[in-house]
Amino acid sequence: MFKKILIANRGEIALRVICACKELGIKTVAVYSDADRNSLHVRFADEAVCIGPPRSSESYLNIPAVISAAEITNTDAIHPGYGLLSENANFAEVCETSDIKFIGPPPEVIRLMGEKEKARQAMKRTNVPILPGSEGVIATAEEAKEWAIQIGYPVIVKASAGGGGRGMRVIRAETELEGSFNSAQAEAAAAFGNGNLYMEKFIEQPRHIEFQVLGDLHGKVISLGERECSIQRRHQKLLEESPSTQVTEELRQQIGKKLSECLAQIGYVNAGTVEFLMDEDGSLHFIEMNTRIQVEHPVTEMVTGIDLVKSQILLAAGAKLGDIIPRLDRKGQRGHAIECRINAEHPEKFTPSAGKIKTFHVPGGLGIRVDTAAYAEGVIPPYYDSLIAKLISHGRDRDEAIMRMRRALEMFIVEGIHTTIPLHRRIMADPDFQAGRFDTKYMERFLAKLQEERVQLTAVSA
Ligand code: MV4
């Protein structure tokens, strides 16, 4: 087992990893930028190393600085958290060549999943359902035209190096094809240094449903069920839940089995998330895979009782899935969990709201969990992600999870900066949300409805 782990991250996820290490009796090293000197991850780690100026590009993303910090502290392994270096195959490679265990999949698997078109073909080969689409990269608009005829309009072209919504174009008719194809190619080349595009049938109003998987170093992969993540705005998720009201036990088992087989073949190791779109008739279609622990992992933890971050560490150290997860826990999901992302943002304009927190009161009680690194009198720097807390509720069923979330949102007080708390209060009160009637277009409709009613969310937050 590792004696010491360096956490190459900040904020709530750095604290989350420290929690797992403490429970495993592993020493921790925090790295921090000049802007994070007074952050809680620095306080709760056993050691802390300053790795540079506030901007991420000069600190948390600076590979030589992170590796040097690991070397001077005699670290055995690095946990990258999410974002930052977590899906950087080169970083994973540098860790391994420096004799430091990277807590995540092998570099070649990170690289494969980073090339969305290759990931798609890999899933197809092992019978994971994918959308009708192109095979291999599309070189020219002419070629794209032929694929579009075969697939049938509407189609979507996506950047192979993209993901998270960048470098995509929906094409509804042949007249739009050449223009959209060329602009997507140029955008992808500029953004990712790689203009490779592929094409899929376009699903108009999908739900976004993702499966959590864990793989060990002995060739075994298991699925821990799904999360429903459709409630998002501009590709930023706002709240997630597990299980999805739309996934039957039969579908969950069927997809879980296929994923276990497919990912075992690929050599998948550690935690991962497989993203699907659900169409109007309830079928799931693979779109991409994320090779990291995700922000929304707690909803899976609440319904499975499995500590995913502890599992990541144990799996990286060579543990067998059968030894760390009792058969009973693998049976399935108990109850229902919801996570609200509390961002330091204006709740309507979604513009960042950095500054000093004046009051910070966190709710608690049965069925409530708060993952945060924020505190009263603490400062939210403007340089990083705006997520300041995750409020998670768990109940015997969805209604109970919603009721618990509603009372916890009432008792969550943040003063001094704007947050998304008032927005979440409104969503929880929405009959469509309560009935489970939503898809990836939900927030557009919801925000339009608020505008019509002229609801001032900031007034609620004061
Ligand atoms: C799609 C799609 C419809 N059809 N692919 C957006 C982010 C990227 N991960 C994939 N995305 C989409 N791919 C096909 N074939 C619609 C989206 C999409 C979306 C997906 C998940 C969550 C929110 C979304 C919001 C807009 C578009």
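Residues numbered from 1 in each chain as written. Predicted model: local features only at pLDDT ≥ 70, side-chain atom pairs only at ≥ 80, totals over all residues. Heavy atoms only, no water.

A. Examining the overall build of the protein chain more closely. Helix and strand content of the protein chain: 18 helices and 22 strands. Over its C-alpha trace the protein chain gives a radius of gyration of 22 Å, about what one expects of a compact globule, namely 23 Å for 462 residues. In the protein chain, buried positions account for 57% of the 462 residues. By sequence separation, contacts in the protein chain at least 24 residues apart represent 66% of the contacts at least 6 residues apart. Entry remark: accessible area of the protein chain is about 19,200 Å², with carbon and sulfur atoms responsible for 50%. Mean positive and mean negative side-chain charge positions of the protein chain (56 and 62 charges, respectively) differ by 4 Å. (Helix = DSSP H or I, 4+ residues; strand = E, 2+ residues; numbered from the N terminus. Rg over C-alpha atoms; globule rule 2.2 N^0.38 Å. Buried < 20%, exposed > 50% of the residue type's maximum accessible area, 1.4 Å probe, protein only. Contact = heavy atoms within 4.5 Å. Areas by Shrake-Rupley, 256 points an atom, 1.4 Å probe, with all protein chains shown as cover. Lys, Arg positive; Asp, Glu negative; His and termini not counted. Charge placed at Lys NZ, Arg CZ, Asp CG, Glu CD.)

B. Looking closely at the sheet that holds strand β6 (residues 155-159). As summarised here, the arrangement of the three strands in space is β7-β6-β8, forming an open sheet in which the pairing is antiparallel. Looking at strand neighbours, the two that pair on one side only are β7 (169-171) and β8 (197-201), the edges of this open sheet. Between one strand axis and the next, the sheet turns by 25° as a mean value, whatever way the strands run. Two elements, β6 and β8, share five bridges in a ladder whose sense is antiparallel. In the strand pairing of β8, Lys 158 is matched with Tyr 198. (Pairing = 2+ DSSP bridges. Axes fitted to C-alpha atoms, helices over the stretch in contact; angles between N-to-C directions.)

C. Quick peek at the sheet that holds strand β5 (residues 101-102). One open sheet accounts for five strands, arranged β3-β2-β1-β4-β5; its pairing is parallel. The outermost strands of the open sheet, each flanked by one partner alone, are β3 (47-52) and β5. In the sheet, strand β1 (residues 4-7) pairs with strand β2 (residues 27-33) via four bridges, with the strands oriented parallel. When the sheet's bridge partners are listed, Ile 7 is paired in β2 with Ala 30.

D. A look at the domain arrangement of the protein chain. You can read the domains of the protein chain as domain 1 (4-103), domain 2 (132-201) and domain 3 (207-451). Distance between the C-alpha centres of domain 1 and domain 2: 37 Å. (Domains from an automatic or database assignment.)

E. The arrangement of the side chain of Ser 33 in detail. Inspection of the secondary structure assignment puts Ser 33 in strand β2. Note on Ser 33: relative accessible area 0%, which makes it buried. With sequence-adjacent residues up to four places away left out, Ser 33 is seen in contact with Cys 50, Gly 52, Pro 53, Pro 54, Ser 59, Tyr 60 and Tyr 384.

F. View of the packing of aromatic side chains. Here the structure, examined in full by the defined rule, presents nine aromatic pairs. Ring geometry for Phe 276 and Phe 286: centres 6.4 Å apart, planes at 85°, overall edge-to-face. Taken together, the residues span a long stretch of sequence, with Phe 276 in strand β14 (residues 270-278) and Phe 286 in strand β15 (residues 284-290) at a distance of 10 residues. Since its relative accessible area comes to 0%, Phe 276 is described here as buried. Look at Phe 286 and you get buried, because its relative accessible area is 0%. Look at Phe 438 and Tyr 442: their rings are 6.1 Å apart centre to centre, the planes differ by 70°, and that puts the pair in the edge-to-face class. With a relative accessible area of 6%, Phe 438 lands in the buried category. The class for Tyr 442 is buried, based on a relative accessible area of 3%. Taken together, the ring pairs in this structure connect Phe 433, Phe 438, Tyr 442 and Phe 446 into an aromatic cluster. (Phe/Tyr/Trp six-rings, centres within 6.5 Å; stacked < 30°, edge-to-face > 60°.)

G. Just the site of the ligand, in detail. Around the ligand, 18 residues are found, and the nearest of them are Leu 131, Lys 158, Glu 200, Lys 201 and Ile 203. Contact between the ligand and Glu 200: a nitrogen atom at 3.0 Å from a side-chain N or O atom of the residue. Across the complex, the protein chains shield 89% of the 520 Å² of accessible surface that the ligand would expose by itself. Composition of the shell around the ligand by domain shows at least three residues from each of domain 2 (132-201) and domain 3 (207-451). (Near = heavy atom within 4 Å. Polar contact = N/O pair within 3.5 Å; in protein donor to acceptor, adjacent residues only side chain to side chain.)

H. Just the pairing of strand β9 (residues 207-215), in detail. For β9, the tally of buried residues reaches nine of nine residues, placing the bulk of the element in the interior. Every second residue of β9 is oriented toward a common face, with Arg 207, Ile 209, Phe 211, Val 213 and Gly 215 on one face and His 208, Glu 210, Gln 212 and Leu 214 on the other, all of them buried. In this sheet, β14 lies alongside β9 in antiparallel orientation, the contact comprising nine bridges. Across the sheet, Arg 207 pairs through a bridge with Met 278, a residue of β14.

I. Here's a closer look at unusual backbone geometry. In this structure, the amide linkage connecting Tyr 153 to the following residue, Pro 154, adopts the cis form with an omega of -5°. With respect to the helices, strands and loops of the structure, Pro 154 is situated in the loop between α7 (141-151) and β6. Residues Ser 242 and Pro 243 are joined by a peptide bond in cis, for which omega reads -5°. Residues other than glycine seldom take positive phi values, yet Asn 127 does so here, at roughly 70°. The topology assignment puts Asn 127 in the loop between α6 (116-125) and α7. Note on Asn 127: relative accessible area 55%, which makes it exposed. The residue Arg 454 is not glycine, and still its phi comes out positive at about 50°. Secondary-structure assignment places Arg 454 in the loop between α17 (442-453) and α18 (457-461).

J. Focus on the environment of Lys 441. The residue Lys 441 is located in the loop between α16 (431-434) and α17 in this model. Taking relative accessible area as the criterion, Lys 441 reaches 26% and is therefore assigned partly exposed. Those residues in contact with Lys 441 that sit more than four places away from it in its chain are Glu 204 and Gln 205.

K. Here's a closer look at the pattern of salt bridges. Applying the stated criterion to the full structure yields 39 salt bridges. Here Glu 200 ties to Arg 120 by a salt bridge, and the two come within 3.8 Å at their closest N and O atoms. Here Arg 120 lies in helix α6 and Glu 200 lies in strand β8, a separation of 80 residues in the sequence. The partner of Glu 241 in a salt bridge is Arg 398, and the shortest N-O contact between them spans 2.7 Å. In this pair, Glu 241 sits in strand β13 (residues 239-242) while Arg 398 sits in helix α14 (residues 398-410), placing the two residues 157 residues apart along the sequence. Judged by its relative accessible area of 10%, Arg 398 falls in the buried class. What you see here is one network of salt bridges that share partners, running through Glu 210, Arg 227, Lys 237, Glu 240, Glu 296 and Arg 341. (Salt bridge = Lys/Arg side-chain N within 4 Å of Asp/Glu carboxyl O.)

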